[in-house]
Number of protein chains: 2
Amino acid sequence: MKELVDFRADILKALAQPTRLKIIDFLRDGERCVCEIFPAIDEEQSNTSRHLNMMLAASVLSRRKDGLKIYYAIKHPEILEVMDIVTGIVKLEIDGRHELLKAI
Amino acid sequence: MKELVDFRADILKALAQPTRLKIIDFLRDGERCVCEIFPAIDEEQSNTSRHLNMMLAASVLSRRKDGLKIYYAIKHPEILEVMDIVTGIVKLEIDGRHELLKAI
DNA sequence: CCATTAAATGACTATATACTCATATAGTTT
DNA sequence: AAACTATATGAGTATATAGTCATTTAATGG
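Treat the numbers as computed from the prediction; the structure is a model and nothing was measured.

1. Observations regarding the sheet that holds strand β2 (residues 61-66) of chain B
Two pairing modes exist for strands in a sheet, parallel and antiparallel, and in both the strands are linked by backbone hydrogen bonds.
Next, step 1: Strand order across the open sheet formed by 3 strands is β1-β3-β2 (chain B), with antiparallel pairing between neighbours. Whereas interior strands pair on both sides, the edge strands pair on one side only; in this sheet they are β1 (32-33) and β2 of chain B.

2. Description of the protein's contact with DNA strand D
Next, step 1: Close to DNA strand D lie 25 residues; C35(A), S46(A), R50(A), R63(A) and H51(B) are nearest.
Next, step 2: Within the side chain of Q45(A), an N or O atom sits 2.8 Å from a base nitrogen of DNA strand D.
Next, step 3: Looking at the surface near DNA strand D, the elements with two or more residues in it are α3 (34-41), α4 (45-57) and β3 (69-74) of chain A together with α2 (18-26) and α4 (45-57) of chain B.
Next, step 4: Among the elements that take part in the surface near DNA strand D, α4(A) stands out by supplying 5 residues, more than any other.
Next, step 5: Considered class by class, the residues forming the surface near DNA strand D number 7 nonpolar, 10 polar and 8 charged.

3. What about the relation of the copies chain A and chain B?
Next, step 1: For these two chains of identical sequence, chain A goes onto chain B by a turn of 180° and a shift of 0.0 Å along the axis, with RMSD 0.0 Å. On the angle and the small slide along the axis, the relation comes out as a two-fold axis. It is V82(A) whose C-alpha, among those of chain A, lies nearest the rotation axis, at 2.8 Å.
Next, step 2: Here 100% of the interface residues in chain A have copies in chain B that are interface residues too; the copies meet face to matching face.

Thresholds applied
- Residues numbered from 1 in each chain as written.
- Chains lettered and ligands numbered in written order.
- Predicted model: local features only at pLDDT ≥ 70, side-chain atom pairs only at ≥ 80, totals over all residues.
- Heavy atoms only, no water.
- Pairing = 2+ DSSP bridges.
- Helix = DSSP H or I, 4+ residues; strand = E, 2+ residues; numbered from the N terminus.
- Near = heavy atom within 4 Å.
- Polar contact = N/O pair within 3.5 Å; in protein donor to acceptor, adjacent residues only side chain to side chain.
- Nonpolar A, V, L, I, M, F, W, Y, C, P; charged D, E, K, R; others polar.
- Least-squares fit on C-alpha atoms with pLDDT ≥ 70 in both.
- Contact = heavy atoms within 4.5 Å.

Encoded structure:
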């Protein structure tokens, strides 16, 4: 039986990879089809498709079909909150390292 | 050169694993030494140590030495915000699936 | 100095992940 | 139906990850 801790790990894992972060950044302004996403992040179509499906399975993205095209979107706006918080931590860390350097 | 996207991925990766989530849950109330952590999460000392060092390297945890013991703590309170948001998303998803089941 | 306790690490194994190239599937247009 | 476009997937490779057991390093107390 899958524990709550595993569901949380699945969602976090779906966010924890550079290519997927680029996708999430690109989807910030709203849904996009695969054909728009993979050139924007400069990855192969097949690789992009796999990442999209993975994030879909983890409930990070939602998917909508329209004719030939498949549009992916960020499923929960809270995902963007998470991204903003993490970006904030990175900035704190980088500032902290600058302080260390200045002290030398 | 490491991109911003990679720093974000490192932090998220450090959170995205069941054993590490258990550690973070356990550290919610404050710092703990390794000797308290590994029995609490029911993992081997060596495995726990590796996960702790990994989270330290990713700036998720901080470390303090006191004699023989080494105390680890959550470095940024924002990490706990992230965890709460993700827990919220998991709950939304589980509720959503219950609704689906009821509809059958 | 020796024994003890706490934490980290080397060496290994098994599994998972990211990616690529080629191909398959599905929907569209003519 | 044939050609075309968009997306997904099979198969393979290379690397990363999580875990184990045994050992090492570091600090403390007798």
